[in-house]
Amino acid sequence: MTAVHRISGADLLYWRRKAEQWRSIAENAPDDATADYLHTVFEPTAKAIKGLEQALAALGILDEALTLDLRRPQDYFHRTWSTAFRARDLAALQASGPDATGKP
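What you see is a predicted model, and the numbers here were worked out from it, not measured in a lab.

Parameters and conventions
- Residues numbered from 1 in each chain as written.
- Predicted model: local features only at pLDDT ≥ 70, side-chain atom pairs only at ≥ 80, totals over all residues.
- Heavy atoms only, no water.
- Axes fitted to C-alpha atoms, helices over the stretch in contact; angles between N-to-C directions.
- Helix = DSSP H or I, 4+ residues; strand = E, 2+ residues; numbered from the N terminus.
- Parallel < 35°, antiparallel > 145°, perpendicular 65-115°, else oblique.
- Left-handed = near helix turned anticlockwise from the far one by under 90°.
- Contact = heavy atoms within 4.5 Å.
- Nonpolar A, V, L, I, M, F, W, Y, C, P; charged D, E, K, R; others polar.
- Salt bridge = Lys/Arg side-chain N within 4 Å of Asp/Glu carboxyl O.
- Buried < 20%, exposed > 50% of the residue type's maximum accessible area, 1.4 Å probe, protein only.
- Phe/Tyr/Trp six-rings, centres within 6.5 Å; stacked < 30°, edge-to-face > 60°.
- Expected span 1.5 Å × (residues − 1).
- Arc of directions from axis to C-beta.

**A short note on the packing of helix H1 (residues 12-27) against helix H2 (residues 32-59)**
Interhelical geometry of H1 versus H2 gives an angle of 160° and a closest axis separation of 10 Å. When the axis of H1 is compared with that of H2, the two are roughly antiparallel. When you trace H1 past H2, the crossing you get is left-handed. Contacts between H1 and H2 involve Leu12, Trp15, Arg16, Ala19, Trp22, Ile25 and Ala26 from the first element and Ala35, Leu38, His39, Phe42, Thr45, Ile49, Leu52, Glu53 and Leu56 from the second. For the contact of H1 with H2, a count of residues per class yields 12 nonpolar, 2 polar and 2 charged.

Here you go:
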């Protein structure tokens, strides 16, 4: 039996912060080879984050996910919290139109 990693709408801001952190680490790498390696390692997660944004946008709850503050207990009952997707499916998601920000 294989483990299935799921990402919920509540995870979006966390993963966006992690992606920024990873980009910063790669940008500060001691050489180009190391930076390229780090970008390669983080690419599958970046694809999953992008897919999560697209899926939430398609459901009409992207803006809600972006404002969700899990430091407030009442937000744990928010519908964005229970909207989850398989990370593998999100990473494979291909946009056929504008992305979650409305850009083509």
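**Looking at the pattern of salt bridges**
Tallied over the full model, the rule gives 2 salt bridges. Notably, a salt bridge pairs Glu53 with Arg16, separated by 2.7 Å at the nearest N-O pair. Taken together, the residues Glu53 in helix H2 and Arg16 in helix H1 connect sequence positions 37 residues apart. The class for Glu53 is buried, based on a relative accessible area of 9%. With relative accessibility at 27%, the residue Arg16 sits in the partly exposed group. One salt bridge connects Lys47 with Glu43, and the closest N-O pair in it is separated by 3.7 Å. Separated by 4 residues within a single helix, Lys47 and Glu43 lie in helix H2, roughly one turn from each other.

**A short note on the packing of aromatic side chains**
Counted by the stated rule, this structure contains 3 aromatic pairs. Centre to centre, the rings of Tyr14 and Trp15 are 5.1 Å apart; their planes meet at 80°, and the pair counts as edge-to-face. Judged by relative accessible area, which is 40%, Tyr14 ranks as partly exposed. Its relative accessible area of 19% is what places Trp15 among the buried residues. Taking the centre distance of 4.8 Å and the plane angle of 10° together, the rings of Trp22 and Phe42 count as stacked. Separated by 20 residues along the polypeptide, Trp22 in helix H1 and Phe42 in helix H2 bring together distant segments of the chain.

**So, H1**
Given 3.6 residues per helical turn, the α-helix brings residues three or four places apart onto the same face. The end-to-end C-alpha separation of H1 is 22 Å, in line with the 22 Å expected for 16 residues at 1.5 Å each. Looking at H1, one finds that the buried residues are Leu12, Trp15, Ala19, Trp22 and Ala26. Axial view of H1: buried residues confined to an arc of 80°, hence all on one face. Among the exposed residues of H1, those pointing more than 90 degrees away from its buried face are Arg17, Glu20 and Glu27.

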